[in-house]
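Each chain is listed here by its residues.
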Amino acid sequence: MAWELKLYQERCLAVLGQYLVRAAEVGAKKAFDEREELLVKYREIPQLPGLPYICLRVPTGGGKTLLAAHTVGISCRTYLRADRCVVLWLAPTNAIVDQTLKALRERTHPYRQALDSAFGGAVQVMSLPEALYLTRATLDSDTVVIVSTLAAMRVEDTEGRKVYEGSGVLQHHFSGLAEAQITRLERTDGTITYSLASVLRLRCPLVIMDEAHNARTKLSFDALRRFGPSCIIEYTATPDQETNPSNVLVSVSAAELKAEQMVKLPIRLVSRKEWREAVGEGVTKQKQLENLAREEEKITSEYIRPIVLFQAQPRREGQETITVEVLRKCLMEDFNIPAEEIAEGTGQKWELPENISARDCPVRYVLTVAALREGWDCPFAYVLCSVSNLSSRGAVEQILGRVLRLPRVQAKQHEDLNYAYAYATSERFLEAAESLKDALVESGFERFEAKAYIEPGRSLFEGEVAGPLFTESVTESEYVSEPPPLDALPESLRGKVKVEPPTQHRPTAKVTYTGPAMSLEEESILKAVLKAEEDRKSIERLARKTRGLPAYPAAMGVKFEIPALAVRVGGQLEIFEDQFRDAVWNLAECDAKLSEEEFSLTGPTGQAALVDVDEEGKTFIRHVQEVWQQLSFHDIRGPKTESELADWLDRAIDHPDITQTQSSLFLRRMVDHLVTSRGIPLPNLVAARFRLRDAAKRKIDQYRRQAMYDAYQRMLLPEAATPLEVSPEICFQYPNDNYPAPRYYEGPIKFEKHFYELPGEMNGEEGACAQLIDSQLQVQYWVRNLDQRADCSFWLQTSTDKFYPDFVAKLADGRYLVVEYKGADRMDTPDTREKKTIGELWEARSHRRCVFRLVGRSNMEQVLIQALK
């Protein structure tokens, strides 16, 4: 059974597919630069002109390898436009190569299933030594994935490197070559070298770069150039953004991983001055978690054996250090841990069993020093206990990544089993927290996420209220309607509180607290001198801030729900989503003819595509044309008859809503028309079948959209059999603990009323609109609505997909304000008009409870101020 992709993984692959389709039409650079959400321009590598060289940024624990496996099929279909391809899969170390080879060869593994699904099982996976004996027949029939380290290719002197050496075993690959193929090959002393490098150059390999931030050097680029790649796709948690910056096409946030139950977050941190105390707390936490795991198994039948990873100090001559041996002795003698429950995982000794998750494995405590073996993974690891002062960020990052993965990527019934735990030996808690934060950033977290996902753990030795993590004295402020009487406060608290009375421009009083974390008693006293409930809530927010706890509305437990557009089905209200898609339509009854404009052998990305492109753009388009030409020389297994071509089109186009009877009839008529009426020879159609696939898909989509649009419009009418309505019975509620923005706003504006800690990413114009909303007295709180997240964002259904407005606000008078911002160039497109129609319908059916406004830069202030009256 294939592994079901998470929402953020589907998003990554969808964006990648869209980009590669566009790159095949207009070139890699333009396709990248025209994406509005990307705030930087495409950076070309001089050694690799023209080809798409892009990066997908995914934090540790996000399933980069699974995404990479799906990338192969997507790249082959969209950019290479081929039925099969050669893949050069480059991993950072031999350990990762071995792990990747094992997974890709196992037919029941999700990585291999992704490949088999894309290529009908015609897949060969091999190591670099095995590839030295690769046959031409295998390359002509199967998708071949060669897994290696880049170091095996990355050399200035190629002598002795088998990949560049001539071999008689590979000589048959070079017989019967066309002139265009021969000119592509590198020569030694004027002679073609029959090497694996030359074989790969003939096949324009797709390159997958695992942990690519280690590979962006001139030497690496020179090595990659020798293989003549068609496309390079990087996967990493921490892309290079300084020396040779990566072209980051998609970024995944830690919040998205948490929302999809991929990782254990937050990390609960306890710092102890004495290392034996830290060890003792780690042991105690393991026992507590194991007891919870036994209860969990009774409910869910899932077996979990929580494991502690101990980071010891290295042995230093002439110094007394807390080595692996010292830790082992401490565990056995001071805490009575049986020897079989302890295992060492260091470069000197590797005692960890291959299947540490097996029920009969006794290991609960793993001892290491700098880092565990690369590729080792165990979701049972819950606790990191360091006696090394957390001083080495790299070492901490290596080990911390081991405790983040959530077993079975599924939230547990017992909440404590959804967290990770860290016990550190440090003189100051702040130092430990900072080191842990830096390690999370190295794992691909945004810096503010890293800070937010570390919280103080409950220690055996500490009191009721923990202080802030990243500072020891705080200054925080809140606003109240009436100033609190300072003389009513005890002297110890009075000295920490400053009150600024209301002003002409600020109708509220400002209360500022300076000192250590506010105690529960101090909070209670300060609340007691205030009359208004809203003012007491302000003091609660202030107290939370002083303790380093979040105080935005979602964290305070505020309920934010908004009425949705609904329809009655069988007398019951349900959210209006895709009921109109039940409308009956028949593709076989549609006209299958493709005009010259809809499909031409000299159409997009043919020679005609170069007319309106600048010289830089022509470089990119010529690259993809050369790739297609080279791959066409190996296309010997394409359809041979008109029926086979129609069947191939039917398989190549996804149409789950259309029966095969309808699609096959439609596509056969399409092929017949092209051959008979338009006189295009069948061999020419077969050679251009991927472009024909795209044209046929567009034609089918056109008919589908029209049928759905007609059915959708009928449901919008007031006289519809079941008219749409807006009722408090059907509401969308924003989750208080889930705001998985792919990227967060990093601009200069500080927002005061956002429902979550930080809003999702916005460009300058959107930020200005958000600032206007945030500044309105009538707005209680608002949210930057996330796109394509139906589980945690408000949406309205259009005839094609879900519409996610940019901003949603709760107003002081109980109404809801929804705002969609559009730039001047998109204010009057068909898509915008449809969104405006459904937004205004939602407002009209809400009985004045809801307000929808479409705004642009020129009118947003006037429109919004008028709407709030």
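Residues numbered from 1 in each chain as written. Predicted model: local features only at pLDDT ≥ 70, side-chain atom pairs only at ≥ 80, totals over all residues. Heavy atoms only, no water.

(A) Summary view of the pattern of salt bridges. Summed over the entire model, instances satisfying the criterion amount to 63 salt bridges. The partner of Arg 35 in a salt bridge is Glu 37, and the shortest N-O contact between them spans 2.8 Å. Residue classification places Arg 35 among the buried residues on the basis of a relative accessible area of 16%. Look at Glu 37 and you get partly exposed, because its relative accessible area is 37%. Where Asp 635 meets Arg 689, a salt bridge forms, and the shortest distance between an N and an O atom there is 2.7 Å. With Asp 635 in the loop between helix H20 (615–632) and helix H21 (642–652) and Arg 689 in helix H24 (residues 689–716), this pair connects stretches of sequence that are 54 residues apart. Since its relative accessible area comes to 29%, Asp 635 is described here as partly exposed. For Arg 689, a relative accessible area of 1% gives the class buried. Each of Glu 290, Arg 294, Glu 341 and Arg 364 takes part in a single network of salt bridges with overlapping partners. (Salt bridge = Lys/Arg side-chain N within 4 Å of Asp/Glu carboxyl O. Buried < 20%, exposed > 50% of the residue type's maximum accessible area, 1.4 Å probe, protein only. Helix = DSSP H or I, 4+ residues; strand = E, 2+ residues; numbered from the N terminus.)

(B) Highlighting the environment of Val 252. Following the sequence through the fold, Val 252 ends up in the loop between strand E9 (248–251) and helix H11 (254–259). Under the relative-accessibility criterion, Val 252 is labelled buried at 0%. Once the C-alpha coordinates of Val 252 and Tyr 8 are considered, the two residues, 244 residues apart in sequence, prove to be 7.0 Å apart. Beyond its immediate stretch of four places on either side in the chain, Val 252 contacts Tyr 8, Arg 11, Cys 12, Arg 57, Val 58, Pro 59, Leu 257 and Pro 742. (Contact = heavy atoms within 4.5 Å.)

(C) Representation of unusual backbone geometry within the structure. Residue Pro 266 is reached from Leu 265 by a cis peptide bond, and omega for that bond is 0°. If you trace the backbone, Pro 266 turns up in the loop between H11 and strand E10 (267–272). You will see that Gln 261, though not glycine, has its phi angle at about 60°, which is positive. Inspection of the secondary structure puts Gln 261 in the loop between H11 and E10. Judged by relative accessible area, which is 31%, Gln 261 ranks as partly exposed. For Arg 848, which is not glycine, the phi dihedral falls at a positive 70°. You can see Arg 848 is positioned in the loop between helix H26 (830–844) and strand E28 (850–855).

(D) Molecular detail of the packing of H24 against H26. Where H24 contacts H26, the two axes come as close as 12 Å, and the packing angle between them is 25°. Here H26 runs roughly parallel to H24, going by the angle between their axes. In this structure, H24 meets H26 at a crossing whose hand is left-handed. Contact with H24, carried on its side by Tyr 709, Tyr 712 and Leu 716, involves Glu 834, Ile 838 and Leu 841 of H26 and no other residues of that element. Tallied by class, the residues present in the contact of H24 with H26 amount to five nonpolar, no polar and one charged. (Axes fitted to C-alpha atoms, helices over the stretch in contact; angles between N-to-C directions. Parallel < 35°, antiparallel > 145°, perpendicular 65-115°, else oblique. Left-handed = near helix turned anticlockwise from the far one by under 90°. Nonpolar A, V, L, I, M, F, W, Y, C, P; charged D, E, K, R; others polar.)

(E) Summary view of the confidence of the model for the chain. For the chain, per-residue confidence averages 88 on the pLDDT scale, and 92% of positions sit at 70 or higher. In this model residues 460–464 is a low-confidence stretch, pLDDT under 50, and it forms nine contacts with partners more than four residues away in sequence or in other chains. The low-confidence segment residues 604–613, where pLDDT is below 50, has 16 contacts with residues more than four positions distant or belonging to other chains. (pLDDT = per-residue confidence, 0-100.)

(F) Representation of helix H1 (residues 7–26) in the model. For H1, spanning 20 residues, the distance from its first C-alpha to its last is 28 Å, which sits close to the expected 28 Å at 1.5 Å a residue. Following H1 by one or two positions, Gly 27 adopts a phi angle in the positive range, close to 100°. (Expected span 1.5 Å × (residues − 1).)

(G) Empty space enclosed by the protein, seen in detail. The final tally for this structure, using the stated rule, is one cavity of 30 Å³ or more. Its volume calculated, the largest cavity comes out at about 40 Å³. Lys 64, Thr 65, Ala 68, Trp 89, Ile 208, Met 209, Asp 210 and Tyr 235 are the residues that line the largest cavity. Mapped by element, the contributors of at least two residues to the lining of the largest cavity are helix H3 (64–80) and strand E7 (206–210). (1 Å grid on protein atoms, 1.4 Å probe; cavity = no way out; pocket = protein on both sides within 12 Å on 5 of 7 lines; lining within 4 Å. Points joined across faces, edges and corners; volume = space filled by probe spheres on them.)

(H) Just the sheet that holds strand E15 (residues 420–425), in detail. What the seven strands build is an open sheet, ordered E12-E13-E11-E14-E15-E10-E16; its pairing is parallel. With partners counted over all chains shown, the strands left at the sheet margins are strand E12 (342–344) and strand E16 (454–456), one partner each. Mean inter-strand twist for the sheet, computed between neighbouring axes without regard to direction, equals 25°. Relative to strand E13 (residues 365–368), E12 runs parallel, the two sharing three bridges. Bridged to Glu 344 within E13 is Leu 367. Its contacts with the sheet put helix H12 (residues 275–300) on E10, strand E11 (307–311), E13, strand E14 (381–386) and E15, and the angle it makes with E15 is roughly 165°. Relative to E13, helix H13 (residues 324–334) is tilted by about 160°, and along the sheet it contacts E11, E12 and E13. (Pairing = 2+ DSSP bridges.)

(I) Expanded view of the sheet that holds strand E18 (residues 497–500). Reading across from one edge, E17-E19-E18 is the order of the three strands in this open sheet, with antiparallel pairing throughout. Of all the strands in the sheet, just strand E17 (474–480) and E18 have a single pairing partner and so form its edges. Ignoring strand direction, the axes of neighbouring strands in this sheet form an average angle of 20°. Two elements, E18 and strand E19 (residues 509–515), share four bridges in a ladder whose sense is antiparallel. When the bridges of E19 are listed, Lys 498 appears paired with Thr 512. Relative to E17, helix H19 (residues 533–546) is tilted by about 165°, and along the sheet it contacts E17 and E19.

(J) Local environment of the nonpolar core. Residues Tyr 19, Met 153, Val 279, Phe 310 and Trp 842 are the most contacted members of the largest nonpolar core, which totals 226 residues. With twelve residues, the single largest contributor to this core is H24. Contact partners of Phe 310, with chain neighbours within four places excluded, come to Val 279, Val 283, Leu 327, Leu 331, Tyr 365, Val 366, Leu 367, Thr 368 and Cys 385. One finds Leu 772, Val 855, Val 863 and Ala 867 within the second-largest nonpolar core, a separate group that totals 23 residues. (Core = buried A, V, L, I, M, F, W, Y, C linked by side-chain atoms within 4.5 Å.)

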